[in-house]
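Letter by letter, the chains look like this.
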Amino acid sequence: MTDAPPSGSFLDAPRIRVAPPGPNSRRLLDAQKRLETEAVVYSRHFPIAIAEARGSTIEDVDGNRYIDWVAGVSVLNLGHRHPRLEAALAAQSRKVWHALEVPTEARIEFLETLRGMLPGRLRDHARVLFTVTGGDAVETAVNVAEFVTRRHGVIAFSGAYHGVHGGAANLTSGRRYHETTAFHGAQVVRVPFPNPYRPVLGDGSTAATIRYLESLLADPYSGVDEVAAVLVEPILGEGGYVVPPDDFLPALREFCDRHGLLLIVDEIQTGLGRTGRLWCVEHTGVSPDILCIAKTIGGGIPLSMIAYRDDLGRELPAGFHLGTYRANPLALAVGTEVLRMLRDEPILDRVRQRGATLLREFRDIAERHSAIGDVRGKGFMIGLEFVSDPVHRTPWGDRAREMRRQLLHTGVLMHTCGPYDQVLRFMAPLVIEEPLLARGLGLFEQALTVLEGQPAAPAAVRHAPAHPGPEPAAFPGIAPPVHTPHPPPPPGRHLP
Ligand SMILES: Cc1ncc(COP(=O)(O)O)c(C=O)c1O
């Protein structure tokens, strides 16, 4: 097995000195509760305060050390503060921090590095439009698709998560901004994502999905007027780490070509090595027309962008998309180093090989524990779906959330996803040290065993408010949510 470059983790993790949240964490959590909106979610899921983060580990303010299998929801594919990224950041911090769109060495170096690493036809033939967040990138991608096709409407999938922007351009009064936003009366056509474990259309096959898509365009009474593009995640992220059949993306590409639609691929969570290829589409050879990039590209500093085919045929007017903070030079310097590391180090080989064995190891564990109904994934993007009834595949969000809590207490951080919060996802940094993987796996199975040994708690106990507030409600019908003064977020609204 090829070795990943060391990520500088606390190698003695996990190390639990005081049951979390310890007294110092409580003090900061209480202050947060007093000073910030009650709408925060992550400090409910992970009720600790962070003192320092290194590599694939986090130390809280009470001296506890955790193995981090969340990685900032795939922002930290190279771990926290990788020494090479730290050095790039420090060097750039002595040059320039903010430059609007005026070129800097950092900007051009980044663009040249990215250009040669894009997937398919985009490689060396793409234009880049910078944005700041993932949601910003996705909106911009749809705007570009509608502008160049002169059509409105986009096909998107059930289970998709593309961010929660939208609307700001409508509130801005300039007519010229309304002309270049698709979100001014946008039509979104929603289609079930092919989910082999929970098929909706037919048997969940690609053929059934494409048949449905064809019918939407052919049937004059389908309710669909016109569309410019299809927007897709190669693997559903927040939607539950759902891996579609292998032929899905190629068939979607053909469908788009047949109908003159642009294919927008959102690789915000799947991209930059997460699945063992630099881009998840590279597993299939599919070439997107527009690619959305965010999260890991800035190594933890906000940076996002779209890359679109340079032959799309209609030039974007100056000021097509605006934003004060786009392409921050500090983020760009880190971004170039992220790309170089992924290009030059044997990280992707390791993710493919180790990811395949991890999938087997998780499947072996699932064989021994009926609470896990399905294990799926690619590379270091692995989802474990909890079911209270393996025959009927009843989603068991409560158990996945209890696992997250139990794991936190043993020093492993894992997060949930899926419409009912029923999937625990493994998304460790790609450079995580082997002992931290092995220890984490042992603790994962131990947590499953502990929970199996406990009698099912009444709902009110299962939902006893975690510090500093209650977690999101369970799937209605599985367990009634506890009354809280402020309604909790609806099931499945994971803020990534
Ligand atoms: C696939 C995908 N697209 C878009 C987004 C939105 O990104 P951001 O939170 O930076 O707006 C996310 C966030 O998790 C995501 O996973």
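Note that this is a predicted model, so its numbers are computed, not measured. All residue numbers refer to positions counted from 1 along the written sequence of the respective chain. Local features in this predicted model are restricted to residues of pLDDT 70 or higher, and side-chain atom pairs are both shown and tallied only at a pLDDT of 80 or more, whereas totals for entire chains, interfaces and linings draw on every residue.

1. Observations regarding the overall build of the protein chain
Comment: elements are numbered from the N terminus, with helices defined as DSSP H or I runs of at least four residues and strands as E runs of at least two. Each helix and strand counted, the protein chain has 15 helices and 16 strands in total. Out of the 496 residues in the protein chain, the part that is buried amounts to 49%. The contacts of the protein chain with a sequence gap of at least 6 include a subset with a gap of at least 24, amounting to 76%. For the exposure call, what matters is how many other C-beta atoms sit within 10 Å of a residue's own: 20 or more marks it buried, 12 or fewer exposed, and in between partly exposed, using C-beta atoms placed from the backbone. Throughout, a residue-residue contact means that the two C-beta atoms, derived from backbone geometry, are no farther apart than 7 Å.

2. Re helix α5 (residues 105–115)
Taken together, the buried positions of α5 are occupied by Ala106, Arg107, Phe110, Leu111 and Leu114. Looking straight down α5, one finds its buried side chains confined to an arc of 130°; they lie on one side. Every exposed residue of α5 that faces more than 90 degrees away from the buried side is listed here: Ile108 and Glu112. Of the surrounding elements, those touching the buried residues of α5 are α4 (83–93), β4 (126–131) and α11 (329–344). This arc describes the spread of directions from the helix axis toward the C-beta atoms.

3. Some points on the sheet that holds strand β14 (residues 412–413)
Overall, mixed pairing links the 4 strands, which are arranged β1-β2-β3-β14 in an open sheet. If you trace the sheet from one side to the other, it starts and ends with β1 (50–54) and β14, each paired once. Here, strands pair whenever DSSP counts at least two bridges between them. The pairing of strand β3 (residues 65–68) with β14 spans 2 bridges and is parallel. The residue of β14 that forms the bridge with Asp68 is Leu413.

4. Structural notes on the nonpolar core
What we call a nonpolar core is a set of buried Ala, Val, Leu, Ile, Met, Phe, Trp, Tyr and Cys residues whose membership is set by joining through C-beta atoms within 7 Å. Counting residues in each nonpolar core, the largest one holds 125 residues, and the members touching the most others are Ala145, Ala229, Ile264 and Ile306. By residue number, the principal contributor to this core is α11, which donates 9 residues. Start and end positions for the domains come from either an automated domain assignment or a database one. Summarising the domain contributions, this core has at least three residues from each of domain 1 (23–81 + 347–462) and domain 2 (99–327). If we ignore the near neighbours within four places in the chain, the residues touching Ile264 are Ala141, Val142, Ala145, Ala229, Val230, Leu231, Pro288, Asp289, Ile290 and Cys292.

5. Some points on the pairing of β1
Direction of pairing for β1 relative to strand β2 (residues 57–60): antiparallel, over a ladder of 4 bridges. From the neighbouring strand, Glu52 faces β2, where its bridge partner is Glu59. Counting the residues that bridge the hairpin from β1 to β2 gives 2 residues, and of these Gly55 lies at a positive phi of roughly 55°.

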